[in-house]
Amino acid sequence: MNRSLNVRKSLLALGTALPLLAGAALAQTPPAPATSAAAVPAVDSAKVVARVNGIEITEGDLAIAAEDSALQMPNVPDEQKRELLTGYLIDLKLGAKAAEAAKVGSGAEFARKLAYNRDKTLLDEYLDQESKKAVTPEAARKLYDETVKSVPTEQEVRARHILVENEEDAKKAATRVKGGEDFAKVAGELSKDPGSKTDGGDLGFFTKDRMVEPFAEAAFKMEAGQISDPVKSQFGWHVIKVEEKRNKPAPTFEETKDQVETYLARKAQQDLILGLRKNAKVERLDDKGSLVEQKQP
């Protein structure tokens, strides 16, 4: 199994190395822009793309090879990947025929491996088929709605701040903004925080746990429009202005759709396996051939 994996990787590595010998110009050629799914034509899986000693290699064979986890090439352009996979399948057909001629497939060990891989492929296909049935738009929306309802609300604050090095400078800044000067203007002039200075000290919305304790305590006690006295933290001295308070909005369905669908698929697969085990008679044997007491999954 490991030898087969290494051979596959080696064949692809040899194929990948060939274009690199053509010079830097090829390496610098950007990949073609991605085509939208709607614009991709349907592929005829029976279409022949190559023949080796009369044995046909089809688009369907290429599609199966492209799904092999050992043959993934995420940074290789599509056309080059297709060429490499075609070359690999040619070598695979040649190698398989040579192995048959050498009677490699006639032993009991090979039969066990073949049975294992058949079972694994069957199970993978079955799990994929059943999980697709579970991932419906209705099920995804229902799970999202139920999850959103169960999540406790959390308060957020949107605030600006002026960060300075010492208390005296903080008091001067506080006097200016409490006296009516524009907070964003003073923050742009005085604040030592490079991340918010250019935005007038705006920190955006944040939950209490995202800020250091003295800063968070002060900000969440204030009401919208209030300006704090100087607050000391490990970063220096702050003058804080709360712009807005709200309950943190839940992420939208579109933002969480992929996660919801992944959860539904995995749960369907897990439920299927647990159901099969529940209805099966499973017997495990120890080294002496005696039955081992079964534990509930």
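Okay, so let's go over this structure. Position numbers for residues start from 1 in each chain and track the written sequence from start to end. It should be noted that, the model being predicted, local features are given only for residues of pLDDT at least 70 and side-chain atom pairs only at 80 or more, the latter also being counted only at that level, while totals for whole chains, interfaces and linings use all residues. As a rule here, side-chain values come from all non-hydrogen atoms in the structure, and water together with hydrogens is ignored.

Structural notes on the packing of helix 5 (residues 108-134) against helix 10 (residues 253-278)
To obtain each axis, a line is fitted to C-alpha atoms, and for helices this fit is confined to the stretch in contact; angles are then taken between N-to-C directions over 0 to 180 degrees. The secondary structure listing takes helices from DSSP runs of H or I that are at least 4 residues long and strands from runs of E that are at least 2 residues long, numbered from the N terminus. Between helix 5 and helix 10, the shortest axis-to-axis distance is 8 Å and the interhelical angle comes to 125 degrees. By the angle class used here, helix 5 and helix 10 are oblique. Considering how the two elements wind past one another, helix 5 and helix 10 form a crossing that is right-handed. Each of Leu 123, Tyr 126, Leu 127, Asp 128, Glu 130, Ser 131 and Ala 134 in helix 5 lies in contact with helix 10, whose residues at this interface are Leu 264, Ala 265, Ala 268, Gln 269, Leu 272 and Ile 273. Ten residue types, Ala, Val, Leu, Ile, Met, Phe, Trp, Tyr, Cys and Pro, are classed as nonpolar, four, Asp, Glu, Lys and Arg, as charged, and the remainder, Gly among them, as polar. Residues belonging to the contact of helix 5 with helix 10 are distributed by class as follows: 9 nonpolar, 2 polar and 2 charged. Here the word oblique covers every angle except those under 35 degrees (roughly parallel), over 145 (roughly antiparallel) and from 65 to 115 (roughly perpendicular). Two helices crossing with the near one rotated counterclockwise from the far one by less than a right angle form a left-handed crossing, whereas a clockwise rotation gives a right-handed crossing. Any two residues having at least one pair of non-hydrogen atoms within 4.5 Å are treated as being in contact.

Description of the pairing of strand 6 (residues 236-247)
Two strands pair when backbone bridges link them, and strand 3 (residues 155-164) and strand 6 are joined in this way by 10 bridges, in the antiparallel orientation. The partner of Ile 162 across the bridge, within strand 6, is Val 239. Bridge analysis of strand 5 (residues 231-233) against strand 6 gives 3 bridges, and the strand direction is antiparallel. Residue pairing in the sheet places Val 231 in a bridge with His 238 of strand 6. By this definition, two strands are paired if DSSP reports at least two bridges between them. Connecting strand 5 to the next strand, strand 6, in antiparallel fashion are 2 residues.

Topic: the side chain of Glu 156
Structurally, the position occupied by Glu 156 is in strand 3. Three labels apply to residues, based on accessible area from a 1.4 Å probe with only protein chains included: buried if under 20% of the type maximum, exposed if over 50%, partly exposed otherwise in between. The class of Glu 156 is buried, set by a relative accessible area of 8%. Ignoring sequence-local partners within four residues, the contact set of Glu 156 consists of Phe 205, Phe 206, Thr 207, Phe 220, Glu 244, Lys 245, Arg 246, Lys 248 and Pro 249.

Observations concerning the sheet that holds strand 6
What the 4 strands build is an open sheet, ordered 4-3-6-5; its pairing is antiparallel. Of all the strands in the sheet, the pair left with one neighbour each is strand 4 (202-207) and strand 5. Going from strand to strand, the sheet's axes swing by 45 degrees on average, the running direction of each strand aside. Against the sheet, helix 8 (residues 183-190) contacts strand 3 and strand 6, and its axis sits at roughly 45 degrees relative to strand 3.

A look at unusual backbone geometry
Although it is not a glycine, Asn 53 adopts a positive phi angle of roughly 50 degrees. Positionally, Asn 53 belongs in the loop between strand 1 (48-52) and strand 2 (55-58). For Lys 103, which is not glycine, the phi torsion reads 60 degrees and is therefore positive. Topologically, Lys 103 is positioned in the loop between helix 4 (78-101) and helix 5. A relative accessible area of 62% means that Lys 103 is categorised as exposed.

Focus on the pattern of salt bridges
By salt bridge we mean one thing: a side-chain nitrogen of Lys or Arg within 4 Å of a carboxyl oxygen of Asp or Glu. According to the stated counting rule, one finds 17 salt bridges in the structure shown. Between Asp 202 and Arg 158 there is a salt bridge, with its nearest N and O atoms 2.8 Å apart. Here Asp 202, found in strand 4, pairs with Arg 158, found in strand 3; they are 44 residues apart in sequence, far enough to count as distant. For Arg 158, a relative accessible area of 23% puts it in the partly exposed group.

Brief notes about the side chain of Ser 228
By the element assignment, Ser 228 lies in the loop between helix 9 (213-221) and strand 5. Each residue touching Ser 228, except ones within four places of it in the same chain, is listed here: Ala 174, Lys 178, Met 222, His 238, Val 239 and Ile 240.

Notes on the packing of helix 3 (residues 59-66) against helix 4
Relative orientation of the contacting elements helix 3 and helix 4 amounts to 100 degrees, with a least axis distance of 10 Å. With respect to their mutual orientation, helix 3 and helix 4 come out roughly perpendicular. Together, Glu 59, Asp 61, Leu 62, Ala 65 and Ala 66 of helix 3 and Arg 82, Leu 85, Thr 86 and Leu 89 of helix 4 make up the contact between the two elements. By residue class, the composition of the contact of helix 3 with helix 4 is 5 nonpolar, 1 polar and 3 charged.

Some points on the nonpolar core
Here, the term nonpolar core denotes a set of buried Ala, Val, Leu, Ile, Met, Phe, Trp, Tyr and Cys residues that are joined through side-chain atoms within 4.5 Å. With 12 residues, the main nonpolar core is built from Ala 50, Val 52, Ile 57, Leu 62, Ala 65, Leu 71, Met 73, Val 76, Leu 84, Leu 85, Tyr 88 and Leu 89. In terms of residues, this core owes the most to one element, helix 4, which gives 4 residues.

Remarks on the packing of aromatic side chains
Pairing of aromatic side chains requires ring centres within 6.5 Å, counting the rings of Phe and Tyr and the six-membered ring of Trp. Pairs whose planes differ by under 30 degrees are stacked, by over 60 edge-to-face, and all others tilted. Across all of its chains, the model carries 3 aromatic pairs by this definition. For the ring pair Tyr 144 and Phe 253, a centre distance of 5.5 Å and an interplane angle of 75 degrees mean the geometry is edge-to-face. Of this pair, Tyr 144 sits in helix 6 (residues 137-150) while Phe 253 sits in helix 10, and the two are 109 residues apart along the sequence. Across this residue pair, the class does not change: Tyr 144 and Phe 253 are buried. When the centroid spacing of 6.1 Å and the interplanar angle of 75 degrees are considered together, the rings of Phe 206 and Phe 220 count as edge-to-face. In this pair, Phe 206 is assigned in strand 4 and Phe 220 in helix 9, connecting sequence segments 14 residues apart.

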